[in-house]
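Close look at the chain arrangement
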Amino acid sequence: MTQQPVHPAHSRVLVDHDGVQVPVTRVALTNGESFDRYCTTGPGSDPAVGLPALREPWVEARGDSAAYDGRSADPLDDGRGAARRGGTRQAWTGPRRAPRRATGAAVTQMAYARRGVVTEEMRYAAAREGCDVELVRSEVAAGRAIIPANLNHPEAEPMVIGRRFLVKINANIGNSAVTSSIDEEVEKLTWATTWGADTVMDLSTGDDIHTTREWILRNSAVPIGTVPIYQALEKVDGEADRLTWEVYRDTVVEQAEQGVDYMTVHAGVLLRHVPLTVDRVTGIVSRGGSIMAGWCLAHHEENFLYTHFDELCEIFAAYDVAFSLGDGLRPGSVADANDEAQLAELRTLGELTLRAWEHDVQVMVEGPGHVPLHLVEENVALQQDWCHGAPFYTLGPLATDVAPGYDHITSAIGAAAIAMHGTAMLCYVTPKEHLGLPDRDDVKTGVITYKLAAHAADVAKGHPGARAWDDALSRARFEFRWHDQFALSLDPPTAQSMHDETLPAEAAKTAHFCSMCGPKFCSMRISQDVRERFREKSREFVELGASVYVDPSAAATPVR
Ligand code: IRN
Ligand code: FE2
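Residues numbered from 1 in each chain as written. Chains lettered and ligands numbered in written order. Predicted model: local features only at pLDDT ≥ 70, side-chain atom pairs only at ≥ 80, totals over all residues. Heavy atoms only, no water.

Some points on the overall build of the protein chain
The number of helices and strands found in the protein chain is 19 helices and 15 strands. Taken over C-alpha atoms, the radius of gyration comes to 25 Å for the protein chain, in line with the 24 Å a tight globule of 560 residues would show. By its C-alpha atoms, the protein chain is 90 × 50 × 45 Å across when sized along the principal axes. Looking at the protein chain as a whole, 57% of its 560 residues are labelled buried. Counting only contacts in the protein chain whose residues sit at least 6 apart along the sequence, the fraction spanning at least 24 positions is 74%. As displayed, the protein chain has an accessible area near 22700 Å², and 55% of this comes from carbon and sulfur atoms. For the protein chain, the distance from the average position of its 53 positive side-chain charges to the average position of its 78 negative side-chain charges is 5 Å. (Helix = DSSP H or I, 4+ residues; strand = E, 2+ residues; numbered from the N terminus. Rg over C-alpha atoms; globule rule 2.2 N^0.38 Å. Buried < 20%, exposed > 50% of the residue type's maximum accessible area, 1.4 Å probe, protein only. Contact = heavy atoms within 4.5 Å. Areas by Shrake-Rupley, 256 points an atom, 1.4 Å probe, with all protein chains shown as cover. Lys, Arg positive; Asp, Glu negative; His and termini not counted. Charge placed at Lys NZ, Arg CZ, Asp CG, Glu CD.)

Right, dumping it as structure tokens:
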């Protein structure tokens with residue numbers, strides 16, 4: 001099943017960059033030109049069969065990992081026998097591969113980059129960005145960028161996250177105990193990447209987490225992230241006090257064997273940080289953060305994610321799982337932004353970043369949350385400084401707390417600002433934030449809203465080529481190529497249906513106005529007339545021997 005393009009003028013084509021074939025979304029324009037956009041959709045799959053294993057030959061050729069008889073051989077074994085206890089999910093039906101892991105040293109993209117090795121994954125990511133592969137290799141080697149690429153997720157099309165590259169966005173999906181089936185989760189994945197999600201996090205809780213994740217991974221061309229503490233908590237029947245390092249470790253291995261590319265680990269929530277949150281307006285709003293804070297207090301012991309961090313690094317290094325160091329103490333209201341709890345955790349995340357790098361494990365660092373605009377820049381400055389340039393991955397942030405129902409917007413305001421200052425990836429927020437589980441429409445709205453925040457930041461940063469997209473759309477708009485304006489937009493069906501509400505006729509698709517201003521008041525049409533008259537006038541002046549009028553935009557039509 002190939003994915004339906006979102007507009008008839010769109011097609012997924014493979015283009016060649018120095019011998020590497022990478023996908024783009026090609027937008028065919030009515031003036032005979034075309035415009036290529038970064039493509040996240042993947043080649044499309046039958047959900048029951050999964051995607052082809054693009055990276056498998058690359059991983060095998062490196063010869064530093066081997067398949068073994070792992071826990072994941074039985075996809076129904078989620079560690080507590082969900083299926084045997086009456087779980088309802090259908091077991092994975094597609095091809096099964098034995099999990100692989102390193103046979104010796106770290107098999108991470110960072111390890112290769114630091115040794116000066118250019119991998120196929122680096123080549124692929126660079127080709128998609130349209131940049132030199134050496135930029136990708138050197139940024140990964142320095143820890144300023146990551147390529148999330150677990151050995152056991154060969155279906156993924158490699159991509160790079162870092163401030164020197166296009167700003168990326170993540171969409172969260174996942175069932176909670178109360179809603180959604182597997183089909184719906186795979187469908188949400190496909191839906192999110194159709195609209196441009198660069199990575200997807202499966203935040204499922206409840207029964208059958210393992211099986212749901214298997215279906216998602218086998219059908220995902222984008223990196224998949226998870227928060228393993230959620231599944232670990234299911235294994236101890238939701239009783240946080242019963243969590244142990246061993247239960248957590250086994251969960252991480254299970255997920256690494258399945259192919260999870262990056263994992264949120266709330267290892268910066270230390271026992272001594274918890275009292276710093278008591279006077280907050282909104283306390284601890286991170287799910288993972290509150291679980292770990294509760295555990296620390298119940299046992300009066302240091303967070304086991306922190307005390308076992310080096311063992312965790314060894315596991316991550318063997319599969320190439322990247323850390324997403326969780327912001328368990330992120331502010332949940334603008335009142336709590338940049339407070340001592342948040343900053344104390346951030347300092348710890350900086351220390352953990354260095355420890356992970358000692359193991360050649362890739363790291364990004366998660367950030368807030370809720371932050372008023374005037375405190376946004378400081379967030380990036382401190383994170384970059386204290387975390388040694390590791391990529392920042394932020395949740396919005398919401399610039400104000402007052403608009404439930406519109407929090408995709410309050411957060412996109414903060415997201416555009418924080419990305420402009422250097423955040424590498426934005427975690428989307430949907431209109432349902434704080435209110436309920438997002439449905440299909442919310443996922444689309446969240447992704448589109450975050451795509452525009454990310455792109456606005458790319459333009460503001462002067463990212464090479466970013467503005468070309470705006471220029472292509474603006475030219476179409478000025479020339480009244482309505483079909484091209486729709487096709488080039490982030491959400492073509494919405495743009496077109498809004499236009500067609502008042503002017504549905506095909507003739508209106510070339511008309512020199514829309515119903516916003518009507519024919520007489522269309523500034524674009526008037527401005528085209530002005531330009532035309534101006535050219536005529538300058539022609540007259542030239543004939544009179546005067547050369548004062550030079551219309552720079554008329555360079556292509558020399559005045560005779
Ligand atoms: C991103 C930045 N800060 C938090 N996030 C995302 O929030 C993270 O990647 C994951 O998707 C989710 C984790 O939520 P909790 O457990 O911290 O609430
Ligand atoms: Fe919030």
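Let's talk about the sheet that holds strand E13 (residues 363-367)
Overall, parallel pairing links the 8 strands, which are arranged E8-E9-E10-E11-E12-E13-E14-E15 in a closed barrel. Each neighbouring strand pair of the sheet contributes to a mean axis angle of 25°, computed without reference to strand direction. In terms of strand pairing, strand E10 (residues 224-226) meets strand E11 (residues 262-265) through 2 bridges, oriented parallel. In the sheet register, Gly225 faces E11, and the bridge partner there is Tyr262. Those strands touched by helix H8 (residues 245-258) are E10 and E11, and its axis lies near 160° from that of E11. Relative to the sheet, helix H11 (residues 309-319) contacts E11 and strand E12 (322-325), its axis offset from that of E12 by approximately 140°. (Pairing = 2+ DSSP bridges. Axes fitted to C-alpha atoms, helices over the stretch in contact; angles between N-to-C directions.)

Quick look at the pairing of strand E8 (residues 168-173)
The buried fraction of E8 is high, at 6 of 6 residues. Side chains Lys168, Asn170 and Asn172 of E8 all project onto a buried face; the interleaved residues Ile169, Ala171 and Ile173 project onto the opposite face, where all are buried too. The sheet contact formed by E8 and strand E15 (residues 425-427) spans 3 bridges and is parallel. Note that in E15 the partner of Ile169 across the bridge is Leu426. Strand direction decides the pairing type here: E8 and strand E9 (residues 199-202), joined by 4 bridges, are parallel. Within E9, the position partnered with Asn170 by the bridge is Thr199.

Overview of the packing of aromatic side chains
Here the distance between the centres and the angle between the planes together describe a pair of aromatic rings. Using the criterion set out here, one finds 10 aromatic pairs in the structure. Between Trp245 and Tyr248, the ring centres sit 6.3 Å apart and the planes meet at 35°, which makes this aromatic pair tilted. You can see Trp245 and its partner Tyr248 sitting in helix H8, 3 residues apart, about one turn around the helix. On the basis of relative accessibility, which here comes to 4%, the residue Trp245 falls in the buried class. Ring centres 4.9 Å apart and planes at 90° place the aromatic pair Trp295 and Phe304 in the edge-to-face group. Summarising the burial analysis for this pair, Trp295 and Phe304 share the class buried. Three or more aromatic residues joined by ring pairs form one cluster here, namely Trp245, Tyr248, Trp295 and Phe304. Lying across the ring of Trp191, Arg440 places its NZ or CZ 3.7 Å from the centre. (Phe/Tyr/Trp six-rings, centres within 6.5 Å; stacked < 30°, edge-to-face > 60°. Lys NZ or Arg CZ within 6 Å of the ring centre and 35° of its normal.)

Brief notes about the site of ligand 1
Around ligand 1 sit 17 residues, and of these Tyr230, Ser286, Arg287, Gly288 and Arg330 come closest. Note that an oxygen atom of ligand 1 is positioned 2.8 Å from one of the side-chain N or O atoms of Arg330. For the shell around ligand 1, the elements supplying multiple residues, two or more each, are helix H9 (287-299), E13 and strand E14 (392-395). Among the elements that make up the shell around ligand 1, the one with the highest residue count is E14 (3 residues). (Near = heavy atom within 4 Å. Polar contact = N/O pair within 3.5 Å; in protein donor to acceptor, adjacent residues only side chain to side chain.)

Description of the coordination of the iron ion (ligand 2)
At the metal site, the iron ion (ligand 2) is ligated by His370 (NE2) and His434 (NE2), and these contacts range over 2.1 to 2.2 Å. Linking His370 in the loop between E13 and helix H13 (376-386) with His434 in the loop between E15 and helix H15 (440-460), this pair joins segments that are 64 residues apart in sequence. The exposure class of His370 is buried, given its relative accessible area of 7%. (Donors = N, O, S within 2.8 Å, 3.2 Å for Na, K, Ca; no water.)

Details of the side chain of Glu155
Take Glu155: it is sitting in the loop between strand E6 (145-146) and strand E7 (161-162). Side-chain polar atoms of Glu155 contact the side chain of Arg97, separated by 3.3 Å. Setting aside chain neighbours within four positions, we find Glu155 in contact with Leu51, Pro52, Ala53, Leu54, Arg97, Leu217, Arg218, Ser220 and Ala221.

A closer look at the UniProt feature "binding site: Zn(2+)" (unreviewed entry) in the protein chain
Under the present numbering, the feature "binding site: Zn(2+)" (unreviewed entry) in UniProt falls on His370 and His434. Spanning 65 residues, the named residues form one tight spatial group whose C-alpha atoms are at most 12.2 Å apart. Dropping the residues within four chain positions of it, His370 is found in contact with Pro331, Gly332, Ser333, Val334, Ala337, Pro397, Leu398, Asp401 and His434. Engagement of the side chain of His370 in a polar contact is seen with the side chain of Asp401, the distance being 2.8 Å. The contacts of His434, once residues within four sequence positions are left out, are His370, Leu398 and Asp407. One polar contact links His434 to Asp407, side chain to side chain, over a distance of 2.8 Å. (UniProt positions renumbered as here; feature names shortened; annotations may be inferred.)

Section: the pairing of strand E3 (residues 34-38)
One ladder, built from 5 bridges, connects strand E2 (residues 20-28) with E3; its direction is antiparallel. If you follow Val27 over to E3, its bridge partner there is Phe35. Between E2 and E3, which pair antiparallel one after the other, the connecting turn spans 5 residues, and Gly32 there sits at a positive phi close to 90°.

Quick look at the sheet that holds strand E1 (residues 10-17)
As summarised here, the arrangement of the 3 strands in space is E1-E2-E3, forming an open sheet in which the pairing is antiparallel. Each end of this open sheet is capped by a strand with a single partner; those strands are E1 and E3. In this sheet, adjacent strand axes meet at a mean angle of 45° when their direction is disregarded.

Looking at a nonpolar patch on the surface
Where nonpolar side chains cluster on the molecular surface, the patch consists of Leu373, Tyr406, Ile409 and Ile413 and spans about 400 Å² of accessible area. Relative to the elements of secondary structure, Leu373 occurs in the loop between E13 and H13. Given the relative accessible area of 47%, Leu373 is considered partly exposed. (Patch = residues over 30% accessible without salt bridge, like charges linked within 9 Å, V, L, I, M, F, W, Y side chains within 5 Å. Salt bridge = Lys/Arg side-chain N within 4 Å of Asp/Glu carboxyl O.)

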